[in-house]
Amino acid sequence: MTTREVEHEITIGAPAAAVYQLLADVTNWPRIFPPTIHVDRVEAEGDEERIRIWATANGQPKDWTSRRTLDPEALRITFRQEIPAPPVAAMGGTWILEPLDAGTTRVRLLHDYRAIGDDPHDLLWIERAVDKNSTSELQALKENVELVHAADREELTFSFVDTVQVAGRAKDLFDFVNEAGKWADRLPHVAVVRLAEDTPGLQELEMDTRAKDGSVHTTKSYRVVFPSWKIAYKQVTLPALMTLHTGEWTFVENAEGTAASSQHTVTINTANIARILGEQATVADARAYVHTALSTNSSATLAHAKAYAEQKAA
């Protein structure tokens, strides 16, 4: 079997400990890395952890389970896929952080991989995916870490949650949000919807959504489904005022029924603020505009889901 080895690297203007911290906490990854849709820490003990990753490879959504060994002293993180996604037969590697001085770090990302059946076409596919994702991830890591350590950093990234209490079952609320293919009939702000689920539990959702001013915006998201209690998503086609939008729908049963929540994490695209909101608009104006737009849509969806679940309960 042919084992390929490849290395990518980048230099980051931040202390090695800060870079390591961002890489070590996998819950950061959907926010930092463009290919990463969602990450679950399945188990953790000491410096060892098992994680499940949903991400795109050459534009195709995939998921796999990996084991990681964290070494904060040596500034290294090694990883090995336990359950790879075809056409990968085996995949592993190491993040190596090398301090060049107090405020500069060289980051090296090593991979080794094999293809199922040693297929040359599949080896080339993996090579392209590893190169594309590694280049994208290192550049995104650099931008995120340097942004965090920039003296003039503004609050470009923020999160918020909308919650409603429902006299109904979590399963019925989950079904309403999970069946997004029916949203054009069920939700007044959704004009057109296209839903695909080639891999069970991993959805591709494209929507045309109407804004208050009558304009229509097309967005595309990947959604990871955890039956009856959570749907996590990441938008990959974004409105002009955002460079990032991730979120989760959660449904938690309680004594009064179910608390249904829609959580959003957003990063503002400063390059488009003046064009969209006017020359005098600030980051705070853009945050308020985006927050209102997203909250209006998610609150409308929650209200319709509430009505659906309560009707079922009655």
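We now turn to the structure provided with this report. Not measured: the values here are computed from a predicted model.

### A few points about helix 1 (residues 16-24)
The element helix 1 is largely enclosed, with a buried count of seven among its nine residues. Within helix 1 the residues assigned to the buried category are Ala 16, Ala 18, Val 19, Tyr 20, Leu 22, Leu 23 and Ala 24.

### Considering the packing of aromatic side chains
Taken as a whole, this structure holds eight aromatic pairs when the rule is applied. When the centroid spacing of 6.5 Å and the interplanar angle of 70° are considered together, the rings of Trp 183 and Trp 249 count as edge-to-face. Placement of the pair is Trp 183 in helix 5 (residues 183-186) and Trp 249 in strand 13 (residues 242-254), with a sequence separation of 66 residues. The exposure class of Trp 249 is buried, given its relative accessible area of 6%. The positively charged end of Lys 230 is found above the aromatic ring belonging to Phe 226, 4.7 Å away from the centroid.

### Considerations on a negative patch on the surface
Negative charge collects at one region of the surface, where Glu 45, Asp 47, Glu 48, Asp 71 and Glu 73 lie side by side. Inspection of the secondary structure assignment puts Glu 48 in strand 3 (residues 48-57).

### Details of helix 4 (residues 170-178)
Counting buried positions along helix 4 yields eight of nine residues, so the element is predominantly enclosed. Taken together, the buried positions of helix 4 are occupied by Ala 170, Asp 172, Leu 173, Phe 174, Asp 175, Phe 176, Val 177 and Asn 178.

Rules behind the numbers
- Residues numbered from 1 in each chain as written.
- Predicted model: local features only at pLDDT ≥ 70, side-chain atom pairs only at ≥ 80, totals over all residues.
- Heavy atoms only, no water.
- Buried < 20%, exposed > 50% of the residue type's maximum accessible area, 1.4 Å probe, protein only.
- Helix = DSSP H or I, 4+ residues; strand = E, 2+ residues; numbered from the N terminus.
- Phe/Tyr/Trp six-rings, centres within 6.5 Å; stacked < 30°, edge-to-face > 60°.
- Lys NZ or Arg CZ within 6 Å of the ring centre and 35° of its normal.
- Patch = residues over 30% accessible without salt bridge, like charges linked within 9 Å, V, L, I, M, F, W, Y side chains within 5 Å.
- Areas by Shrake-Rupley, 256 points an atom, 1.4 Å probe, with all protein chains shown as cover.
- Salt bridge = Lys/Arg side-chain N within 4 Å of Asp/Glu carboxyl O.
- Lys, Arg positive; Asp, Glu negative; His and termini not counted.
- Charge placed at Lys NZ, Arg CZ, Asp CG, Glu CD.

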